[in-house]
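# Topology and contacts: notes
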Amino acid sequence: GSSFLLILFFIGILYAAFPRYFSAYFRFSDWIHWEIKEEVLLKNAFAFPNLLVIFLLSLITASFSFYNGLLNQSQDSFFESQENLQRFLPAVGFIFSKTLLGFGLFVSRYFVYKLFTNLFRLPHIADAHYFKSIQANLQFFIVLFGLLSLFSVYMGPMYSVNLTYVSYLITGYFLLRAIYFFQVFRRSYQVNQLSLLAYLFLMEGQVMVFGLRELIFPEYM
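About the thresholds
- Residues numbered from 1 in each chain as written.
- Predicted model: local features only at pLDDT ≥ 70, side-chain atom pairs only at ≥ 80, totals over all residues.
- Heavy atoms only, no water.
- Core = buried A, V, L, I, M, F, W, Y, C linked by side-chain atoms within 4.5 Å.
- Buried < 20%, exposed > 50% of the residue type's maximum accessible area, 1.4 Å probe, protein only.
- Helix = DSSP H or I, 4+ residues; strand = E, 2+ residues; numbered from the N terminus.
- Salt bridge = Lys/Arg side-chain N within 4 Å of Asp/Glu carboxyl O.
- Patch = residues over 30% accessible without salt bridge, like charges linked within 9 Å, V, L, I, M, F, W, Y side chains within 5 Å.
- Areas by Shrake-Rupley, 256 points an atom, 1.4 Å probe, with all protein chains shown as cover.
- Polar contact = N/O pair within 3.5 Å; in protein donor to acceptor, adjacent residues only side chain to side chain.
- Contact = heavy atoms within 4.5 Å.

This part covers the nonpolar core. A general trend in soluble globular proteins is that nonpolar side chains are found buried together. Residues I60, L138, F185 and L196 are the most contacted members of the largest nonpolar core, which totals 59 residues. For this core, the elements supplying multiple residues, two or more each, are helix 1 (2-17), helix 2 (19-25), helix 4 (48-71), helix 6 (84-119), helix 7 (126-155), helix 8 (163-188) and helix 9 (193-210).

Counted under the stated rule, the structure contains four salt bridges. Two residues, R27 and D30, come together in a salt bridge whose shortest N-O distance is 2.8 Å. Considered together, R27 and D30 belong to a single accessibility category, that of buried residues. The salt bridge partner of E204 is R177, with a shortest N-O separation of 2.7 Å. Pair noted here: E204 is in helix 9 and R177 is in helix 8, with a separation of 27 residues, a long-range link. Of the two residues, E204 and R177, neither departs from the other in class, the shared state being buried. Among the ionic contacts, a cluster of salt bridges with common partners joins R27, D30 and K132.

Before going further, it helps to spend a moment on a nonpolar patch on the surface. Taken together, the side chains of L6, F9 and I13 make up a nonpolar region of the molecular surface, amounting to roughly 260 Å² of accessible area. Within the secondary structure layout, L6 lies in helix 1.

Time to look at the side chain of R177. Taking the relative accessible area as the measure of exposure, R177 reaches 1% and is therefore buried. Side chain to side chain, R177 and E204 meet in a polar contact 2.7 Å long. Not counting chain neighbours up to four residues away, the residues in contact with R177 comprise S133, A136, N137, E204 and V207.

Pasting the structure below:
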């Protein structure tokens with residue numbers, strides 16, 4: 001519940017202070033139109049609004065990771081213990097550390113994209129790939145987090161959500177995302193399609209195996 005409110009708070013800041021960035025990152029119609037509209041946003045990957053979005057995405061993944069860790073403990077003892085207040089600070093520390101870890105990983109992806117697009121002779125798609133990956137992750141994980149939060153509230157605190165099925169859903173999302181990226185970049189840029197396919201196979205495959213899944217579900221790796 002606290003994470004839900006905190007995430008809403010940062011979404012509100014993005015909406016109020018940076019409406020153009022908000023509309024770009026939450027434009028769900030991009031999944032249908034297969035195009036890149038916000039060329040201006042690509043010119044400065046580390047502008048403050050972009051960093052705010054990356055922090056928001058990191059916070060969402062940290063909240064998923066905390067909930068996954070909670071379910072791997074004895075849930076009854078957690079909710080019935082009278083020492084829960086003593087767990088508050090470690091919980092905050094866990095989410096904060098995971099948020100920083102996620103933030104560092106998301107920022108470093110930009111340099112990884114730069115490196116491998118040069119190796120595959122696709123340098124002009126690095127910024128677009130970074131923007132689209134952040135946009136797609138933000139849209140997917142906010143929707144997923146919102147649905148799981150509402151479902152958990154409806155079912156009550158003693159109900160344990162089976163995150164194994166959620167991990168399968170995330171894997172399916174990454175597969176769909178790879179196909180989506182291939183279509184977007186193929187339509188938006190003049191590229192060698194075999195090079196693009198090999199590049200996305202390497203980069204998106206790495207994300208599926210060692211990326212966000214490991215950050216959220218390390219026990220499944």
